[in-house]
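Spelled out from the first residue to the last, the chains are:
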There are 2 protein chains.
Amino acid sequence: MIGTPSTATGEARFLAALHHQQPDATPVWFMRQAGRCLAGYRALRERYDILTLAKTPELCAQITRMPVDAFGVDAAVLFADIMLPLEPMGVSLEIQPEVGPIIHNPIRSRADVDALRTIDPATDLAFVVDAIRMVRAELDGRQAVIGFAGSPFTLACYLVEGRPSRDYAIAKSFMFREPRAWDALLEKLSTVVIAYLRAQVDAGVHVVQLFDSWVGGLSPADYATHVQPHVARILAALRGTPTIHFGTGTASLLEAMADAGGDVIGVDHRQLLDVAWDRIGHDRGIQGNLDATRLLAGWEATSAGARDVLRRAANRPGHIFNLGHGVLPDTDPDLLRRLVDLVHVESAR
Amino acid sequence: MIGTPSTATGEARFLAALHHQQPDATPVWFMRQAGRCLAGYRALRERYDILTLAKTPELCAQITRMPVDAFGVDAAVLFADIMLPLEPMGVSLEIQPEVGPIIHNPIRSRADVDALRTIDPATDLAFVVDAIRMVRAELDGRQAVIGFAGSPFTLACYLVEGRPSRDYAIAKSFMFREPRAWDALLEKLSTVVIAYLRAQVDAGVHVVQLFDSWVGGLSPADYATHVQPHVARILAALRGTPTIHFGTGTASLLEAMADAGGDVIGVDHRQLLDVAWDRIGHDRGIQGNLDATRLLAGWEATSAGARDVLRRAANRPGHIFNLGHGVLPDTDPDLLRRLVDLVHVESAR
């Protein structure tokens, strides 16, 4: 049915989808929605670096709320970087603009792994907890709040490599050469991720997303051996909180990822949403999956792609609309606003 | 059966696999086998840049033969760059070490597309033709000779983007925004690729590989609309010559790629070889697919991965052993030699 969306809040719409109930319209948010596509964010970035913004609760909360006003999305996602929990573990890092995270002391041995500390998020990452409380209070039930963490594999890729990479050859060769040290690294990272996500839940997020962004670089056999048990432990530890389990390039890992857990599986544009949903099972939710580059091509390409995603989702319960990966920096924010409206109007039940 | 390989030549072994007959052992070569992992190549690179080496037939032939002696592979692959046919089309380019191809006049409009010229490979790329003749004469039937070209999608990604990219956002947004200009670009590139590959066949290569290295960044629907018809035209034009159709990250494109053609489909390590072969059909050959990063981890990781690939191939006719993508620059050449021996010995029929 095409029509005007009801007056349901974004929070109600989002929670209905997370609980596999039928919302009044398909909820929508965008990965990296609080970022460089927003003029307000760019203005703040002229005065502060990324880590300062993320570590100052008032600024973090302000940025987290920006896309709610700018785009009308149904959920605010905490403005944070997946590297944040690594600093209190003893990792020295910076986020270089245009490049990404740079680690000054990359992990290259079992001794390096053993030297990493576990953390107490309530004190070590108190700024995240404080920012979440502020956002929850300010949104006051109008939008859902999403917390997140990087998965141990994706964090380990950065930690071992020391910087973003196309193929994560150093990280993966460490995994192949020293499987026990690798296992210890992912075990320790998983313990930190569990504590970090629980702290976010305690502070008030409605749902957490686990970003396994680079997992698509693994063979299915290596994923099953070296990654899946750790992800399964994290998602089991969070039982009771809705979880979104996301990766890119996961067309050959989908069943294994779904087996590891997640109420909702996030897929990128490389798969057809209906085919992917058939594979993970319709008792699970699915998130995705418009190709983010369509937004660089204008409204015609954007709307055609969005309608194709909605057609494949077929208004089944459990679909959360999103891009395939993060909003690209050069995206016109007006297109994101129109996209949110299109999703809401054309999916209205 | 485990045993000593017979005295069959690499050429015979390779051609048997291409024609879906049972060779005496599984043939093996490596993408980018003639490259930085070889001391002889690095010595030449100290004196000449990559394009000079590729354009000087004697040097090109010498490099092309290096991995035959160094590793014992069953086929020599022409030392060349996929960008070579673009220069006579009017593209100004350089290959930057550590970066890759840089285009000084990237394609950003229909007018840019129309300004590209088609080529006559016999004159415009005579150095390639000459190098192939030399290699064929020097190998004298001991090893097969592989020619290749970039696919129109992968070439267009470089041409529009102007440099290597993680997501090819500029190229893909051009495809979405100006689908007719994109189609004209791929049409023109396909015409050039057909002429270029035919010239290689006329000069004596036994088989050609079409490298669609970046095609895994597309959704299956966009591949079918914007790429597949062009690839199908190229592979149909080469009927009579064995063809290998290669891409990376193609787990959701495999059937569509196989439909486009290719006697052998090349898959990377992200898929399980047996699962991929079931999907493309056992009447087709398959090439792959050891994770190249295993070679950075030493012999134990390399041999375990190779045995897993061979087990999944199960000595069915039509398997050509290769890595999932190119040899990584820091690979120990001794491991490549041992890997060739392992494949030959453990697959001996």
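Please read all numbers here as calculations on a predicted model, not as lab measurements.

A. Structural view of the sheet that holds strand β9 (residues 319–323) of chain A. Residue and element names in this part refer to chain A. Pairing within the open sheet is parallel, and its seven strands lie in the order β1-β4-β5-β6-β7-β8-β9. Strands with a single pairing partner mark the edges of an open sheet, and in this sheet they are β1 (75–77) and β9. Across the sheet, the axes of successive neighbouring strands diverge by a mean angle of 25 degrees, strand direction being ignored. Pairing of strand β5 (residues 207–212) with strand β6 (residues 243–247), which is carried by five bridges, proceeds in the parallel orientation. Within β6, the position partnered with Asp212 by the bridge is Gly247. Together, β7 (264–266), β8 (285–290) and β9 form the strand contacts of helix α14 (residues 273–280), whose direction differs from that of β8 by roughly 160 degrees.

B. Region of interest: the interface of chain A and chain B. The partner chain B presents 32 residues to the 32 residues of chain A that form the contact. The largest share of the area that chain A buries against chain B comes from Arg166(A), Phe176(A) and Arg270(A), three residues that together contribute 23% of it. The interface formed by chain A and chain B includes four salt bridges. The partner of Asp291(A) in a salt bridge is Lys172(B), and the shortest N-O contact between them spans 2.9 Å. Inspection of the chain A/chain B interface yields 14 residue pairs in polar contact (both at pLDDT 80 or more). Elements with a minimum of two residues in the side of chain A that touches chain B: α9 (169–177), α11 (220–226) and α15 (299–313) of chain A. At five residues, the largest contribution of residues to the side of chain A that touches chain B is made by α9(A). A breakdown of the residues in the side of chain A that touches chain B according to their chemical character gives 14 nonpolar, nine polar and nine charged.

C. Here's a closer look at the environment of Gly318(B). Residues and elements named next belong to chain B. With respect to the helices and strands, the residue Gly318 is situated in the loop between α15 (299–313) and β9 (319–323). Separated by 130 residues in sequence, Gly318 and Lys188 place their C-alpha atoms 32 Å apart. In this structure Gly318 touches Ala17, His20, Gln21, Trp277, Gly285 and Ile286, once residues within four positions along its chain are discounted.

D. Seen up close, the relation of the copies chain A and chain B. Least-squares fitting of chain A to chain B yields an RMSD of 0.0 Å, with the transformation described by 0.0 Å of translation along the axis and a rotation of 180 degrees. Read as a symmetry element, the transformation amounts to a two-fold axis. The position closest to the rotation axis in chain A is occupied by the C-alpha of Ala251(A), lying 2.8 Å away. Interface overlap between copies is the fraction of interface residues in one copy that are interface residues in the other; for chain A against chain B it reaches 100%, indicating a shared surface.

E. Expanded view of the layout of surface pockets. Roughly 390 Å³ of internal volume is contained in the second largest pocket. The wall of the second largest pocket is formed by 24 residues, among which Arg294(A), Ala301(A), Gly305(A), Phe176(B) and Asp222(B) lie closest to the centre. For the lining of the second largest pocket, the secondary structure elements donating two or more residues are β8 and α15 of chain A together with α9 (169–177) and α11 (220–226) of chain B. Considering only residue class, the lining of the second largest pocket consists of 11 nonpolar, six polar and seven charged.

F. Examining the sheet that holds β9(B) more closely. All names here are of chain B. What the seven strands build is an open sheet, ordered β1-β4-β5-β6-β7-β8-β9; its pairing is parallel. In this open sheet, the two edge strands, each paired with only one partner strand, are β1 (75–77) and β9. The sheet shows a mean angle of 25 degrees between the axes of neighbouring strands, direction not considered. Here strand β8 (residues 285–290) pairs with β9 via five bridges, running parallel. Its bridge partner being in β9, Ile286 is matched across the sheet by His319.

G. Representation of the state of the cysteines. Going through the model one piece at a time under the given rule, you end up with zero disulfides over all chains. The thiol of Cys60(A) is not disulfide-bonded; the next cysteine sulfur, from Cys37(A), is found 16 Å away.

H. Focus on the packing of aromatic side chains. In this structure the tally under the stated criterion is 14 aromatic pairs over all chains. Ring plane angle 80 degrees and centroid distance 6.3 Å describe the contact between Tyr158(A) and Tyr168(A), whose orientation is recorded as edge-to-face. In this pair, Tyr158(A) sits in helix α8 (residues 152–161) while Tyr168(A) sits in the loop between α8 and α9, placing the two residues 10 residues apart along the sequence. Accessibility assignment for this pair places Tyr158(A) and Tyr168(A) in one class, buried. Following the ring pairs from residue to residue traces out a cluster consisting of Phe148(A), Phe211(A) and Phe246(A). A cation sits over an aromatic face here: Arg166(A) above Trp214(B), 4.7 Å from the ring centre.

I. Just the pattern of salt bridges, in detail. Residues and elements named next belong to chain B. All told, the structure shown has 30 salt bridges over all chains when counted by the stated rule. We note a salt bridge from Asp308 to Arg312, for which the minimum N-O separation is 2.9 Å. A residue pair is termed a helical-turn pair when its members lie 3 or 4 positions apart in one helix, as Asp308 and Arg312 do in helix α15 at four residues. For Arg312, a relative accessible area of 14% translates into the label buried.

J. Main features of the pairing of β5(A). Most of β5(A) sits inside the fold, with six of its six residues counted as buried. Burial of β5(A) is two-sided: the residues Val207(A), Gln209(A) and Phe211(A) facing one way and the residues Val208(A), Leu210(A) and Asp212(A) facing the other way are all buried.

K. The confidence of the model for chain A, seen in detail. The pLDDT averaged across chain A works out to 96; a share of 98% of its residues lies at or above 70. Both confidence scores are given for the complex: pTM 0.95, ipTM 0.94.

L. Structural context of the packing of helix α2 (residues 39–47) of chain A against helix α4 (residues 57–71) of chain A. All names here are of chain A. Orientation of α2 relative to α4, taken along the N-to-C sense of each, is 155 degrees, at an axis distance of 9 Å. Compared by their axis directions, α2 and α4 come out roughly antiparallel. Two secondary-structure elements touch here, α2 through Gly40, Tyr41 and Leu44 and α4 through Leu59, Gln62, Ile63 and Met66. Considered class by class, the residues forming the contact of α2 with α4 number five nonpolar, two polar and no charged.

Reading guide: rules and limits
Residues numbered from 1 in each chain as written. Chains lettered and ligands numbered in written order. Predicted model: local features only at pLDDT ≥ 70, side-chain atom pairs only at ≥ 80, totals over all residues. Heavy atoms only, no water. Pairing = 2+ DSSP bridges. Helix = DSSP H or I, 4+ residues; strand = E, 2+ residues; numbered from the N terminus. Axes fitted to C-alpha atoms, helices over the stretch in contact; angles between N-to-C directions. Contact = heavy atoms within 4.5 Å. Buried area = accessible area lost by both parts, 1.4 Å probe. Salt bridge = Lys/Arg side-chain N within 4 Å of Asp/Glu carboxyl O. Polar contact = N/O pair within 3.5 Å; in protein donor to acceptor, adjacent residues only side chain to side chain. Nonpolar A, V, L, I, M, F, W, Y, C, P; charged D, E, K, R; others polar. Least-squares fit on C-alpha atoms with pLDDT ≥ 70 in both. 1 Å grid on protein atoms, 1.4 Å probe; cavity = no way out; pocket = protein on both sides within 12 Å on 5 of 7 lines; lining within 4 Å. Points joined across faces, edges and corners; volume = space filled by probe spheres on them. Disulfide = S-S within 2.5 Å. Phe/Tyr/Trp six-rings, centres within 6.5 Å; stacked < 30°, edge-to-face > 60°. Buried < 20%, exposed > 50% of the residue type's maximum accessible area, 1.4 Å probe, protein only. Lys NZ or Arg CZ within 6 Å of the ring centre and 35° of its normal. pLDDT = per-residue confidence, 0-100. Parallel < 35°, antiparallel > 145°, perpendicular 65-115°, else oblique.

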